[in-house]
Amino acid sequence: MDTNQQHLFIDFEFTMPESKGNPKGFYPEIIEVGLVLVVNQEIRERFSSFVKPTQFPTLTERCKNFLTIQQEQVDDGISFAELINQMLQYETQTSSTIITWGNMDMKVLKHSCQKNNLVFPFQGKQIDLSMEYKRFFGDQNQTGLWKAVQEYGKEGTGKHHCALDDALTTYNIFKLVENDKRYLSKPAPTTIGDRIDFSKVLNKFAL
């Protein structure tokens with residue numbers, strides 16, 4: 001991880017339809033945010049909150065069952081506009097490198113900004129760590145977040161599909177992959193055979 005660089009690890013949980021076409025015109029909205037700010041390889045801030053959806057404020061039974069998020073929790077959450085203001089705070093001094101697991105987080109954020117006539121909060125580079133992981137290990141298919149950390153012989157932080165826990169798990173995988181990249185980029189140590197041409201030595205003694 002580069003020094004003097006700011007990284008923002010983000011995970012969102014979204015609303016889910018009950019079934020295809022139900023409710024009509026459905027699109028996913030953010031209902032929970034987990035955010036980990038890392039500067040110079042140190043966690044500087046953690047932020048977690050539920051978020052009130054604007055277009056489809058009532059959670060479906062499928063969504064509540066899958067995410068174990070209750071209606072009262074999102075009703076008491078921050079507004080989407082407050083979420084954008086919170087994320088804009090991290091762009092005041094230096095652009096953050098935004099890191100997510102998968103591309104849905106930024107897609108849903110951008111779409112929701114358009115629907116709510118709000119500015120997209122990030123100007124910096126955006127990295128889909130799941131694709132970095134796929135390319136690094138040569139996998140044919142994208143790997144799920146918690147499966148990826150388990151392939152490293154580790155366990156995810158906290159509970160899967162809890163936004164802050166997933167953001168922390170994404171950060172942990174990022175550190176593991178970066179360490180592997182540095183290890184592979186180091187040249188192999190020089191051996192005595194590399195320093196001495198033994199054919200010349202043997203020819204000298206053969207004379």
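Section: the overall build of the chain
- A count of helical and extended segments in the chain gives nine helices and five strands.
- Taken from N to C terminus, the helices and strands of the chain fall in the order β-β-β-α-α-α-β-α-β-α-α-α-α-α.
- Per-residue burial over the chain gives 43% buried out of 207 residues.
- In the chain, of all internal contacts separated by at least 6 residues, the share reaching a separation of at least 24 is 67%.
- As presented, the chain carries roughly 12100 Å² of accessible surface, and 50% of it is formed by carbon and sulfur atoms.

Section: the packing of helix 3 (residues 80–88) against helix 4 (residues 104–115)
- For the pair helix 3 and helix 4, the least separation of the axes is 11 Å and the interaxial angle reads 120°. The angle between the axes of helix 3 and helix 4 places the two elements in the oblique class. Our pair here, helix 3 against helix 4, has a crossing hand that is left-handed. Side by side, helix 3 and helix 4 meet where Phe80, Ile84 and Met87 of the first sit next to Leu109, Ser112 and Cys113 of the second.

Comments concerning the pattern of salt bridges
- Applying the stated rule across the entire model yields two salt bridges.
- Across the pair glutamate 61 and lysine 64 runs a salt bridge, and its minimum N-O distance is 2.9 Å. Pair noted here: glutamate 61 and lysine 64 are both in helix 1 (residues 61–67), with a separation of three residues, about one helical turn.
- For lysine 64, a relative accessible area of 18% translates into the label buried.

Some words on helix 5 (residues 129–137)
- Of the residues making up helix 5, those classed as buried are Leu129, Ser130 and Tyr133. Each buried residue of helix 5 lies within a common arc of 105° when the element is viewed along its axis, so the set occupies one face.
- Positive phi shows up at glycine 138, right after helix 5, with a value of about 70°.

A look at the packing of aromatic side chains
- Enumeration according to the criterion identifies ten aromatic pairs in this entry.
- Arranged with centres 5.3 Å apart and planes meeting at 65°, the rings of phenylalanine 9 and phenylalanine 174 form a pair that is edge-to-face. In this pair, phenylalanine 9 is assigned in strand 1 (residues 6–14) and phenylalanine 174 in helix 7 (residues 163–185), connecting sequence segments 165 residues apart.
- Phenylalanine 9 gets classed as buried once you look at its relative accessible area, which sits at 0%.
- Exposure remark for phenylalanine 174: the relative accessible area of 6% places this residue in the buried category.
- Their ring planes at 75° and their centres at 5.8 Å tell us that phenylalanine 137 and tyrosine 152 sit as a pair that is edge-to-face. You can see phenylalanine 137 sitting in helix 5 and its partner tyrosine 152 sitting in the loop between helix 6 (145–151) and helix 7, a full 15 residues away along the chain.
- By the ring-pair criterion, three or more aromatic residues cluster together here, those being Trp101, Tyr133, Phe136, Phe137 and Tyr152.
- Cation over ring: lysine 110 sits above phenylalanine 120, and NZ or CZ is 5.4 Å from the ring centre.

How each quantity is defined
Residues numbered from 1 in each chain as written. Predicted model: local features only at pLDDT ≥ 70, side-chain atom pairs only at ≥ 80, totals over all residues. Heavy atoms only, no water. Helix = DSSP H or I, 4+ residues; strand = E, 2+ residues; numbered from the N terminus. Buried < 20%, exposed > 50% of the residue type's maximum accessible area, 1.4 Å probe, protein only. Contact = heavy atoms within 4.5 Å. Areas by Shrake-Rupley, 256 points an atom, 1.4 Å probe, with all protein chains shown as cover. Axes fitted to C-alpha atoms, helices over the stretch in contact; angles between N-to-C directions. Parallel < 35°, antiparallel > 145°, perpendicular 65-115°, else oblique. Left-handed = near helix turned anticlockwise from the far one by under 90°. Salt bridge = Lys/Arg side-chain N within 4 Å of Asp/Glu carboxyl O. Arc of directions from axis to C-beta. Phe/Tyr/Trp six-rings, centres within 6.5 Å; stacked < 30°, edge-to-face > 60°. Lys NZ or Arg CZ within 6 Å of the ring centre and 35° of its normal.

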